[in-house]
Amino acid sequence: MSDATFPTGGRAVADAKAPPRRDIGLKKRYAAERRFKAYGISAIAIGMIFLATLIYTVISQGYTAFWQTQIRLPITFSASVIDPKNTGGKDMQALRLANYPKLVQDALVQRLGIDPNNRADVAAATQLVSQGVRTQLGGMVMEDLSVIGTTQDVWLYANSTVDSAVKGQFDLSIPEERRPIKDKQLEWIRTLEQSGDLEQRFNTGLFTFGASSRAETAGVGVAIIGSLYMMAIVLALALPIGVAASIYLEEFAPKNRFTDFIEVNINNLAAVPSIVYGLLGLAIFVNYMGLPRSASLVGGLVLTLMTLPTIIIATRAALKAVPPSIRAAALGLGASKMQMVFHHVLPLAMPGILTGTIIGLAHALGETAPLLLIGMVAFVANYPATPMDPATALPVQIYMWANEAERAFVERTSGAIIVLLLFLAVMNITAIILRRRFERRW
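Residues numbered from 1 in each chain as written. Predicted model: local features only at pLDDT ≥ 70, side-chain atom pairs only at ≥ 80, totals over all residues. Heavy atoms only, no water.

*Asks:* Looking at this model, I keep getting lost on the overall build of the protein. Mind explaining?
*Replies:* Across its full length, the protein carries 19 helices and 3 strands. Its C-alpha atoms give the protein a radius of gyration of 33 Å, more than 25% over the compact-globule value 22 Å for 442 residues. (Helix = DSSP H or I, 4+ residues; strand = E, 2+ residues; numbered from the N terminus. Rg over C-alpha atoms; globule rule 2.2 N^0.38 Å.)

What follows is the structure, encoded as structure tokens:
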């Protein structure tokens, strides 16, 4: 036998032991697939970590805003203080401007056993209660004049400093001169806590009060009403206009350069920064048309412009998802093109349209930049009766509270963020439910 017939040597043995090239390629592909899966899982894990950190930070700083420290005091509604002219409650202006803090001061002096002639102690005790007592007690008198001359147990809002101290938001072990609350005030607080006259109660004022320079009497009530007005305007304008434009472009418009140009610009408008819409609204609605600044109507119009591209894109996608056979069958049975669109295509596309609309509204609800430019940062303490009245919105209210220097506004800011996130969660969950409830798979 020759060497050519029976090869020998180290090279031949090594080639016999080496795995086939096909197996090496499969191992590389499998390894690449495992790495890609690991990258994907890592990306999801990082995203979930950031999301969990964000939610934990907001909730841990904001859940205390839903509870407010209140002090119960026996308030004597003295007629000599409330109605010194003895008008029998007929002078409503005098009743509204009466010296209600004097009633609280007298109640604190009596309840804490303070010497009325000790002005320092009287002033320190008065600081335990919010200056918003004028509004609270005045409202009680205006609602029921029969309380004049009687003594009522009233739960009054504590000062924001007292509220922060009770919630443990600053260190009470540091020297007295470095604390916003003094030792004597802490002693009075403990006395009231032990007697059950000071406790943390659910803060309904967070949802009912308007803007206030005092954290304990600041709420998002006006902002919620303003946001609801704006969302109603956006829904009333953006939905019909967006759906009508989508139906025309998708079903009736000829396919030419002009419609292609419109489609490209609609897609571009969906990516335009929101602050540009604020500039547009300021130039057109405020400066040119003369609509009032800080009005829900102007905010709704600006958000409508911003939401329209999103609704048009979502509606066109929903219309395209309807199979062409539905259109062909309707036309084949003698339906006109209008009947085909509104009787067959549009009902089948409605789940996608509703989903896109709700997502667009949720996006508009969280916008701040365009509203800042049209003046919705005004200090609004009263509820807007109409969309033409001054108002603010939830994201703008959060922005304004975030700029406040007082410590108590930190929890108010996080509390308002929680409220906004709840609204957004409800809207997005509604969109998911509608999509799963009405969607059809072809």
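*Asks:* I would appreciate a short explanation of the nonpolar core in the present structure.
*Replies:* One recurring pattern in soluble globular proteins: nonpolar side chains tend to sit buried together. Val298, Leu303 and Leu371 are the most contacted members of the largest nonpolar core, which has 49 residues in total. Mapped onto this core, the elements with two or more residues apiece are α11 (221-252), α13 (274-288), α14 (296-321), α16 (337-365), α18 (394-402) and α19 (408-438). Sort the elements by how many residues they give to this core and α19 lands first, with 9 residues. Apart from the residues within four sequence positions on either side, Leu303 is in contact with Met230, Met231, Val234, Ala364, Glu367, Pro370 and Leu371. (Core = buried A, V, L, I, M, F, W, Y, C linked by side-chain atoms within 4.5 Å. Buried < 20%, exposed > 50% of the residue type's maximum accessible area, 1.4 Å probe, protein only. Contact = heavy atoms within 4.5 Å.)

*Asks:* Any chance you could explain the sheet that holds strand β1 (residues 67-76) here in plain terms?
*Replies:* Hydrogen bonds along the backbone pair up the strands of a sheet, which may run parallel or antiparallel. The antiparallel open sheet is built from 3 strands, whose spatial order is β2-β1-β3. Strand pairing shows two members of the sheet lacking a second neighbour, β2 (151-157) and β3 (198-202), which therefore form its edges. Neighbour-to-neighbour, the strand axes of this sheet turn through a mean angle of 40°, independent of strand direction. One ladder, built from 5 bridges, connects β1 with β3; its direction is antiparallel. (Pairing = 2+ DSSP bridges. Axes fitted to C-alpha atoms, helices over the stretch in contact; angles between N-to-C directions.)

*Asks:* Sorry, what's going on with the packing of aromatic side chains here?
*Replies:* Taken as a whole and judged by the stated rule, the model has 5 aromatic pairs. Plain terms: the ring middles of Trp67 and Phe202 are 5.8 Å apart, the flat faces sit at 85° to each other, and that makes the pair edge-to-face. Of this pair, Trp67 sits in strand β1 while Phe202 sits in strand β3, and the two are 135 residues apart along the sequence. The exposure class of Phe202 is partly exposed, given its relative accessible area of 42%. Geometrically, the ring pair formed by Trp401 and Phe409 is tilted, given 6.3 Å between the ring centres and 45° between the ring planes. Overall, the relative accessible area of 4% leaves Trp401 in the buried class. (Phe/Tyr/Trp six-rings, centres within 6.5 Å; stacked < 30°, edge-to-face > 60°.)

*Asks:* Is there a simple way to think about the environment of Leu282 in this case?
*Replies:* Within the secondary structure layout, Leu282 lies in helix α13. Other than its neighbours up to four places away in sequence, Leu282 contacts Asn287, Arg293, Leu373 and Ile374.

*Asks:* Would you mind going over the domain arrangement of the protein with me for this structure?
*Replies:* Interfaces are often described in size by the accessible area the parts lose on coming together. Examined at the domain level, the protein breaks down into domain 1 (68-202) and domain 2 (220-438). Look at where the C-alpha atoms of domain 1 and domain 2 centre, and you get two points 45 Å apart. Counting residues at the interface gives 6 residues for domain 1, matched by 5 residues for domain 2. Three residues stand out in domain 1 for area buried against domain 2, namely Gln68, Ser160 and Gln169, and they jointly supply 70% of the buried area on that side. At the boundary of domain 1 with domain 2, the tally comes to 1 salt bridge. When the shortest N-O distance is used, the salt bridge between Glu411 and Lys167 registers 3.0 Å. In this structure, the connection of domain 1 to domain 2 is made through 5 residue pairs in polar contact (both at pLDDT 80 or more). No other element matches the 3 residues that helix α8 (residues 160-166) contributes to the side of domain 1 that touches domain 2. (Domains from an automatic or database assignment. Buried area = accessible area lost by both parts, 1.4 Å probe. Salt bridge = Lys/Arg side-chain N within 4 Å of Asp/Glu carboxyl O. Polar contact = N/O pair within 3.5 Å; in protein donor to acceptor, adjacent residues only side chain to side chain.)

*Asks:* Any chance you could explain the confidence of the model for the protein here in plain terms?
*Replies:* Low pLDDT marks regions whose predicted coordinates should not be analysed in detail. Per-residue pLDDT for the protein has a mean of 87; in total, 93% of the residues score no lower than 70. Segment residues 1-6: pLDDT under 50, and 1 contact once partners within four positions in sequence are set aside and those in other chains are kept. (pLDDT = per-residue confidence, 0-100.)

*Asks:* Can you walk me through α14 in this structure?
*Replies:* Since one α-helical turn is 3.6 residues long, residues separated by three or four positions face the same way. The end-to-end C-alpha distance of α14, which contains 26 residues, comes to 36 Å, matching closely the 38 Å that a straight helix rising 1.5 Å per residue would cover. Along α14, the sharpest change in direction is near 35° and occurs at Thr307; proline Pro309 comes one to four residues later. (Expected span 1.5 Å × (residues − 1). Bend = angle between axes of the 7 residues up to and from the residue.)

*Asks:* Explain a nonpolar patch on the surface here, please?
*Replies:* There is a patch of nonpolar side chains on the surface, built from Ile44, Met48, Leu51, Leu54, Ile55, Ile59 and Tyr63 and spanning about 700 Å² of accessible area. Within the secondary structure layout, Ile59 lies in helix α2 (residues 21-62). (Patch = residues over 30% accessible without salt bridge, like charges linked within 9 Å, V, L, I, M, F, W, Y side chains within 5 Å. Areas by Shrake-Rupley, 256 points an atom, 1.4 Å probe, with all protein chains shown as cover.)

*Asks:* Which parts of the structure should I look at to understand the packing of helix α5 (residues 100-112) against helix α7 (residues 133-143)?
*Replies:* For any two helices packed against each other, one specifies the inter-axial angle together with the distance between the axes. Taken N-terminus to C-terminus, the directions of α5 and α7 make an angle of 100°; their axes are 8 Å apart at the nearest point. In terms of axis orientation, α5 runs roughly perpendicular to α7. Between α5, through Tyr100, Pro101 and Val104, and α7, the contact on the second element is made entirely by Val133, Arg134, Leu137, Gly138 and Val141. Looking at the contact of α5 with α7 residue by residue, the classes come out as 6 nonpolar, 1 polar and 1 charged. (Parallel < 35°, antiparallel > 145°, perpendicular 65-115°, else oblique. Nonpolar A, V, L, I, M, F, W, Y, C, P; charged D, E, K, R; others polar.)

*Asks:* Quick question: what am I supposed to make of unusual backbone geometry here?
*Replies:* Among all residues except glycine, the phi angle is most often negative; among peptide bonds, the trans geometry is most common. Of note, the phi angle at Ser294 is positive, near 65°, even though the residue is not glycine. Mapping Ser294 onto the fold places it in the loop between α13 and α14.

*Asks:* Even after reading the chapter, I still don't get the environment of Arg437, so can you show me in this structure?
*Replies:* Topologically, Arg437 is positioned in helix α19. Relative accessible area serves as the criterion here: at 56%, Arg437 is assigned to the exposed category.

*Asks:* Looking at this model, I keep getting lost on α13. Mind explaining?
*Replies:* Helix length check: α13, at 15 residues, gives a terminal C-alpha distance of 20 Å against a target of 21 Å (1.5 Å per residue), a fit within 8%. At Gly281, α13 shows its strongest bend, of approximately 30°. Every buried residue belonging to α13 is among Ser274, Tyr277, Gly278, Gly281, Phe285 and Val286, and all of these are buried. In the stretch just after α13, Gly290 is the one whose phi turns positive, near 75°.

*Asks:* For this particular structure, what's the right way to read the UniProt feature "transmembrane region" (unreviewed entry) in the protein?
*Replies:* According to UniProt, the feature "transmembrane region" (unreviewed entry) maps to residues 38-59, 228-249, 269-291, 297-319, 340-365 and 415-434 in the numbering used here. Annotated as residues 269-291, this span is 70% helix and 0% strand, and its ends, taken at the C-alpha atoms, are 24 Å apart. Taken end to end, residues 297-319 is 100% helix and 0% strand, and its two terminal C-alpha atoms sit 31 Å from one another. (UniProt positions renumbered as here; feature names shortened; annotations may be inferred.)

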